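Per-entry structural report
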Amino acid sequence: MSKKPNITQSKLPLSGRIVMFFIRHVQQGMSSMGELWRSPVSSIMTMAVLGVSLSLPAALQVLVKNAENITQSWNNAAEISLFINTGRSEQSIQSLLSRVKAFREVETVSYISRDQALEEFQRLSGFGEALSYLDDNPLPAVVTVTPSVKYSSPTGARELLVKLEREPEVNFGRLDIEWLERLQALLKLLEKTVLAIAALLVLAVVLVIGNTIRLAIMNRRTEIEVMKLVGATEAFIQRPFLYTGIWYGVIGGVLAWLIINILVWYLDGALAELLGLYGSQLTIQSLTFAELIKLVLLASFLGWLGSYLSVRQHLRNIEPS
Amino acid sequence: MDVNFHLRQGEMAFLTGHSGAGKSTLLKLITVIERATAGKVSINGHNIANVDSKHVPYLRRNIGMIFQNHHLLMDKSVFDNIALPLVIEGFSHGEIRKRVAGALDMVGLYGKERHLPIMLSGGEQQRVGIARAIVNKPPLLLADEPTGNLDPKLSMDILRLFETFNDSGTSVLIATHDLGLIARMKYRTFTLRQGRMLGGESTDREVMR
């Protein structure tokens, strides 16, 4: 009895199939790129939509990054001012200073004596000579304590403040960090908002690509039927569509990156002016190269996902009849 | 449908009957475009009535199919149309060129690779369809009304073409209602009438080859 060849398998040897598998992938990848060029207007429109959709979350990411960068320098600026009870001798103040310096929570301590405080006040307040008519110096001595890095967070600094206020020489202390806490809460809110908006726009990208691929599938309905008739597998038929989705993603991602750079360039001047008024040397940061790669990878994944979902849904329904 | 017939390996036969008798449906059952609700369709001893749908593409690669409206891709060149089964199967570029040239030569369209199907006559388009069906040398060739739109002389040419494939060992089943054509050739004829087989001998149930 002759051996029956298995009719439900490929006739080519495995090694040849593997090599051709990769060659086909490259060819199909390239040809779907060419396919996009053949209908430039609709392709460019789709890519532009993707670029704009992706640029918004990316822009928000840049915003958060820069806001964090700016507040980073403020974060550690938490300073505790201790107002010393009047009538304390210079000696007891010096002993307070040495005790506080020994705290492991404390980074630096500086001391402004009553005289120095008055002098500074005269210089900065503009009352000038008027103050010299006072019989007595009304200002208390001030000790400024900078917490160590570990205690510079709002909660840490507050703990330190409580501890310092227990010292008998200290009248009361002030920690001006409420605004910092508010800022941090604001930043957290901003970050969450960015995340939510990004999720929505990512969904939009998937839907846009899914719909574009659906139209492409409908346009090539007869071709798909014929391919199925002559024995094309689903994988073979869907591959060009998946590559098309990936190309859309890649180009949309690069477009988003370009939009961001233009935006940053446009805002840079205005921001430098604003920061200059605050005496800050910060410059606005755009997306780094690593972030560009991440953006493009994410976009191409979204492109693949969108077209995959579309292909799964629509390719199966096209059968020769 | 109550049909019992057996097409032997290397045999050429006609399938005939009025429109709506079930010729096309029968061919669709063999190529798993439609599935039988009862009974058995087998090729080479493999029952294909309930073959897994992911194996269907590989099954179809073993069957050359020719259609009345030839199902060509109108925006692709003749070469690309004929090369499609080979591309799908993953042949190398050199091999594809060689085989497409061979297939074009067989159907008498050598030198028209670069033409678009629209530039060809009806008979030539049908030949392109035939070239696509035989380019990967399938052991079984099915033709659904291959001469439907052609005049008698062209029809005869097409049938002669099928004979040459049959001579080289390919099994051929041609569905047609052109009884005059059949009468001129001495091949077995299966006649379908309202879903029943008349004539032709019955062996298994519905068994091919």
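Residues numbered from 1 in each chain as written. Chains lettered and ligands numbered in written order. Predicted model: local features only at pLDDT ≥ 70, side-chain atom pairs only at ≥ 80, totals over all residues. Heavy atoms only, no water.

For the record, the criterion: UniProt positions are given in the numbering used here, feature names are shortened, and annotations may be inferred rather than shown by experiment.
If you check an unreviewed UniProt entry, chain A appears there as Cell division protein FtsX from Shewanella phaeophyticola. Entered under Subcellular location (unreviewed entry) in the UniProt record, the comment concerning chain A runs "Cell inner membrane". A UniProt comment under Function (unreviewed entry) is attached to chain A, and it reads "Part of the ABC transporter FtsEX involved in cellular division."

A closer look at the nonpolar core
Buried together is how nonpolar side chains tend to be arranged in soluble globular proteins. Residue and element names in this part refer to chain B. Put simply, the rule is: The term nonpolar core refers to a set of buried residues drawn from Ala, Val, Leu, Ile, Met, Phe, Trp, Tyr and Cys, joined through side-chain atoms within 4.5 Å. Relative accessibility decides the category of a residue: with a 1.4 Å probe and only protein chains considered, values under 20% of the type maximum give buried, values over 50% give exposed, and everything between is partly exposed. Numbering of helices and strands runs from the N terminus, with a helix taken as a DSSP run of H or I at least four residues long and a strand as a DSSP run of E at least two residues long. Residues are treated as being in contact if the distance between any of their heavy atoms lies within 4.5 Å.
Of all hydrophobic cores here, the largest spans 37 residues; its most connected members are I82, V100, I130, L141, F162 and I174. Elements with a minimum of two residues in this core: β2 (12-17), α3 (78-89), α4 (93-106), α5 (122-134), β6 (140-144), α6 (152-167), β7 (171-175) and α7 (179-183). Apart from residues no more than four positions distant in its own chain, F162 is found in contact with M12, I66, I130, L141, A143, P146, V172 and I174.

Details of the pattern of salt bridges
Residues and elements named next belong to chain A. Inclusion rule: Only one rule defines a salt bridge in this text: a Lys or Arg side-chain nitrogen within 4 Å of an Asp or Glu carboxyl oxygen.
Using the criterion set out here, one finds 20 salt bridges over all chains in the structure. Residues R221 and E225 are paired through a salt bridge, measuring 3.7 Å at the closest nitrogen-oxygen approach. Here the residue R221 and the residue E225 both occupy positions in helix α7 (residues 221-229), the gap between them amounting to four residues, near one helical turn. Take R221: its relative accessible area is 33%, and that puts it in the partly exposed class. The class for E225 is buried, based on a relative accessible area of 16%.

What about empty space enclosed by the protein?
Residue and element names in this part refer to chain B. In plain terms, the rule: A cavity, in this analysis, means grid points on a 1 Å lattice covering only the protein atoms where a 1.4 Å probe fits yet has no way out; a pocket is instead an open set bounded by protein on both sides within 12 Å along at least five of seven lines, and a residue lines either one if it has an atom within 4 Å of a point. Grid points are joined across faces, edges and corners, and a volume is the space filled by probe spheres set on the points. For this scheme, ten residues count as nonpolar: Ala, Val, Leu, Ile, Met, Phe, Trp, Tyr, Cys and Pro. Four count as charged, namely Asp, Glu, Lys and Arg, and the remainder, Gly too, count as polar.
Applying the stated criterion across every chain yields a total of two cavities of 30 Å³ or more. Estimates place the volume of the largest cavity at around 110 Å³. The set of elements that each furnish at least two residues to the lining of the largest cavity consists of β5 (63-66) and α5. Element by element, the count of residues in the lining of the largest cavity is highest for β5, at three residues. Counted by class, the lining of the largest cavity contains eight nonpolar, two polar and three charged residues. Considered as a void within the structure, the second largest cavity measures approximately 30 Å³ in volume. Residue classes in the lining of the second largest cavity are distributed as six nonpolar, no polar and two charged.

Considering the side chain of T176 of chain B
Residues and elements named next belong to chain B. On the secondary structure map, T176 appears in the loop between β7 and α7. T176 sits in the buried class, given a relative accessible area of 2%. Ignoring sequence-local partners within four residues, the contact set of T176 consists of F14, L15, T16, G17, K23, E145, T147 and I182.

Considering the pairing of β6 of chain B
All names here are of chain B. Counted only if it meets this: Here the rule is simple: two strands pair whenever DSSP picks up at least two bridges between them.
Across the five residues of β6, five count as buried, placing the element largely inside the fold. Here β6 shows two buried faces, one formed by L140, L142 and D144 and the other by L141 and A143. Inspection of the sheet shows β5 paired to β6 by four bridges, in the parallel sense. Each bridged residue has a counterpart across the sheet, and for I63 the counterpart in β6 is L140. Pairing of β6 with β7 involves five bridges; the strand directions are parallel. Along β7, the bridge assignment pairs L140 with S171.

Examining helix α1 (residues 14-38) of chain A
The condition is simple: By this rule, a helix spans an expected 1.5 Å times one less than how many residues it contains.
Look at α1 of chain A: 35 Å from first C-alpha to last across 25 residues, which is about the 36 Å you get at 1.5 Å a residue. All of the buried residues in α1 of chain A are M20, R24, Q28, G29, S32 and L36 of chain A.

Considering the layout of surface pockets
The volume enclosed by the largest pocket comes to roughly 1,300 Å³. What lines the largest pocket is a set of 42 residues, and nearest its centre among them are S31, E35, R220 and E223 of chain A together with K76 of chain B. Secondary-structure elements contributing two or more residues to the lining of the largest pocket are α1, α2 (40-75), α6 (178-219), α7 and α8 (234-277) of chain A together with α3 and α4 of chain B. Per-element tally for the lining of the largest pocket: the top contributor is α1 of chain A, with eight residues. Taken together, the residues that form the lining of the largest pocket break down as 17 nonpolar, 16 polar and nine charged. Taken as a whole, the second largest pocket encloses approximately 750 Å³ of empty space. Of all the elements in the fold, those that place two or more residues in the lining of the second largest pocket are α1 and α8 of chain A together with α2 (56-60) and α3 of chain B. Here the lining of the second largest pocket is composed, by residue class, of 14 nonpolar, four polar and 13 charged.

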